[in-house]
Protein chains: 2
Amino acid sequence: MTKEELKKVSDTKTTKILRKGEIIFDEGEKLNGVYCVRGGVSKLSKLSPNGKDQIVKLATKGSVLGQRSVIAEESSNLKATAVNDMEVCFIPKDAIVDTLNRNPNFAVEVLRHMAHDLKEADDVIVNMSQKTVKQRVAEAFIYLEDNFGVDDQGYLLLTLTREDIANVVGTATESAIRIISEFKKLGLIKASGKKIAIANAKGLADMAVGM
Amino acid sequence: MTKEELKKVSDTKTTKILRKGEIIFDEGEKLNGVYCVRGGVSKLSKLSPNGKDQIVKLATKGSVLGQRSVIAEESSNLKATAVNDMEVCFIPKDAIVDTLNRNPNFAVEVLRHMAHDLKEADDVIVNMSQKTVKQRVAEAFIYLEDNFGVDDQGYLLLTLTREDIANVVGTATESAIRIISEFKKLGLIKASGKKIAIANAKGLADMAVGM
DNA sequence: GTATAAACATGACAATTGTCAGTTTACCGA
DNA sequence: TCGGTAAACTGACAATTGTCATGTTTATAC
């Protein structure tokens with residue numbers, strides 16, 4: 001119901017093409033609207049005091065970026081960067097606020113969406129604080145397969161650098177590299193150039209829960 | 001505006017007294033309403049596969065528990081436990097949903113509230129993944145002082161067990177104990193029985209950012 | 001008050017993870 | 001296609017953190 005509404009609005013807007021690596025908005029920036037992802041993938045990250053960029057979420061087609069900040073009327077707490085080439089469209093703040101106030105269904109729908117995000121965030125907190133780096137890396141690959149899919153040969157469609165993977169699981173790049181190498185040796189994953197595929201789903205899943 | 005509305009509803013409801021340690025609702029439970037905290041403190045936790053209970057949030061007077069689950073129409077992803085004696089009141093789901101659909105202002109207000117929670121959750125993710133245990137323990141004490149206050153002698157009003165502190169910062173109980181002992185030796189905090197006070201705020205703040 | 005359990009504490013050690021320093025490999029633009 | 005640069009990788013070591021074992025103190029029930 002609201003998705004259609006949003007879609008209708010977004011369809012009327014001109015879309016913008018972003019090159020890989022471009023920043024959509026930065027931490028601390030005041031947003032005067034939200035961005036809908038129509039193609040490509042964006043990483044949402046937050047700089048930690050130690051200088052590392054923790055990736056909090058990966059957003060793909062259909063995701064809306066910046067809605068939290070627009071709704072809370074705060075500047076953004078996250079930075080959004082294009083992981084690969086992207087197509088996004090912009091919806092000005094006024095249009096959002098307007099619809100929000102006039103259409104209760106829309107508000108409830110957004111609310112539901114944010115409730116879902118909140119639950120996911122809770123899960124991430126638990127994973128981060130209670131799982132080992134190895135478990136988190138295993139989970140990350142499963143997550144990438146589940147959420148971004150694979151090509152006809154089983155390779156993950158979304159290719160992240162080792163550094164990005166490290167920033168997703170919250171570890172040093174070298175640690176991530178070492179664990180990935182280990183997974184390859186164990187036959188849990190296989191790699192062809194930059195592309196990675198899950199070779200032993202069961203084994204990787206076991207690894208993710210510590211078996 | 002909405003807070004008044006909520007308050008009005010909640011005032012008409014009979015309140016319930018909970019003893020320290022009692023469970024308000026458990027993970028996986030279907031909630032047919034939300035709980036407003038009128039006194040005391042509740043910990044919201046999630047069981048991780050390794051058997052530890054990660055505390056995701058501490059809720060005090062004025063907080064609403066279970067709204068995420070009610071709105072998303074899902075069973076709860078968290079367990080709510082009374083940290084000390086509590087007074088809570090219950091608002092049935094119907095009343096919430098009803099108000100939500102009829103009053104756009106209410107929906108937007110709840111939305112804002114959830115947006116705030118989401119930001120906090122993002123911050124926690126970054127802290128958990130990028131800070132050392134020592135930094136997180138230091139932060140925890142600052143958080144406890146800022147959010148729950150101190151008595152006339154400077155002792156934290158909210159007294160958590162070492163185990164709870166460990167579950168807040170996501171570490172082993174022994175590690176938390178050791179770090180607390182170290183902080184005492186360094187003169188950053190002082191203890192009288194179970195009660196803990198921040199003795200050197202500047203020093204503790206430095207510790208929290210890794211100096 | 002005393003029993004009993006829970007909470008707190010500490011030592012010793014192992015496992016995990018981070019850091020630094022350096023080498024090799026892959027990729028992109030001229 | 002060549003060269004430069006970023007990414008990927010490896011080794012060695014230090015620092016952090018977890019685990020297990022055990023003893024002490026503190027709270028709570030009777």
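Note that the structure is a prediction, hence the values are computed from the model and not measured.

Peer 1: Lay out the protein's contact with DNA strand C in plain terms, naming residues and giving numbers.
Peer 2: Residues in contact with DNA strand C amount to 16 residues; listed here are only the nearest, Val133, Thr171 and Ser175 of chain A together with Arg162 and Lys194 of chain B. Considering the 4 Å shell around the protein, atoms of DNA strand C inside it are sugar or phosphate in 56% of instances. In the model, a phosphate oxygen of DNA strand C is placed 2.7 Å from a nitrogen or oxygen of the arginine 162 of chain B main chain. A distance of 2.9 Å separates a base oxygen of DNA strand C from a polar side-chain atom of arginine 178 of chain B. Ranked by residue count, the leading element in the surface near DNA strand C is helix α7 (residues 173-185) of chain B, at 5 residues. Of the residues contributing to the surface near DNA strand C, the split by class is 3 nonpolar, 5 polar and 8 charged.

Peer 1: Please set out the relation of the copies chain A and chain B residue by residue, giving values where relevant.
Peer 2: Placing chain A over chain B gives an RMSD of 0.0 Å and needs a rotation angle of 180 degrees, together with 0.0 Å of translation along the axis. A rotation of that kind, with that shift, is consistent with a two-fold axis. The residues that chain A uses at the interface reappear at the interface of chain B in 100% of cases, marking a shared surface.

Peer 1: Account for the packing of aromatic side chains, with residues named and values stated.
Peer 2: What characterises a pair of aromatic rings is the spacing of the ring centres plus the angle enclosed by the ring planes. Residues and elements named next belong to chain A. Scanning all chains against the criterion turns up 6 aromatic pairs over all chains. Centre to centre, the rings of tyrosine 143 and phenylalanine 148 are 6.2 Å apart; their planes meet at 70 degrees, and the pair counts as edge-to-face. We classify tyrosine 143 as partly exposed; its relative accessible area is 32%. Assessed through its relative accessible area of 12%, phenylalanine 148 is described here as buried.

The rules we used
Residues numbered from 1 in each chain as written. Chains lettered and ligands numbered in written order. Predicted model: local features only at pLDDT ≥ 70, side-chain atom pairs only at ≥ 80, totals over all residues. Heavy atoms only, no water. Near = heavy atom within 4 Å. Polar contact = N/O pair within 3.5 Å; in protein donor to acceptor, adjacent residues only side chain to side chain. Helix = DSSP H or I, 4+ residues; strand = E, 2+ residues; numbered from the N terminus. Nonpolar A, V, L, I, M, F, W, Y, C, P; charged D, E, K, R; others polar. Least-squares fit on C-alpha atoms with pLDDT ≥ 70 in both. Contact = heavy atoms within 4.5 Å. Phe/Tyr/Trp six-rings, centres within 6.5 Å; stacked < 30°, edge-to-face > 60°. Buried < 20%, exposed > 50% of the residue type's maximum accessible area, 1.4 Å probe, protein only.

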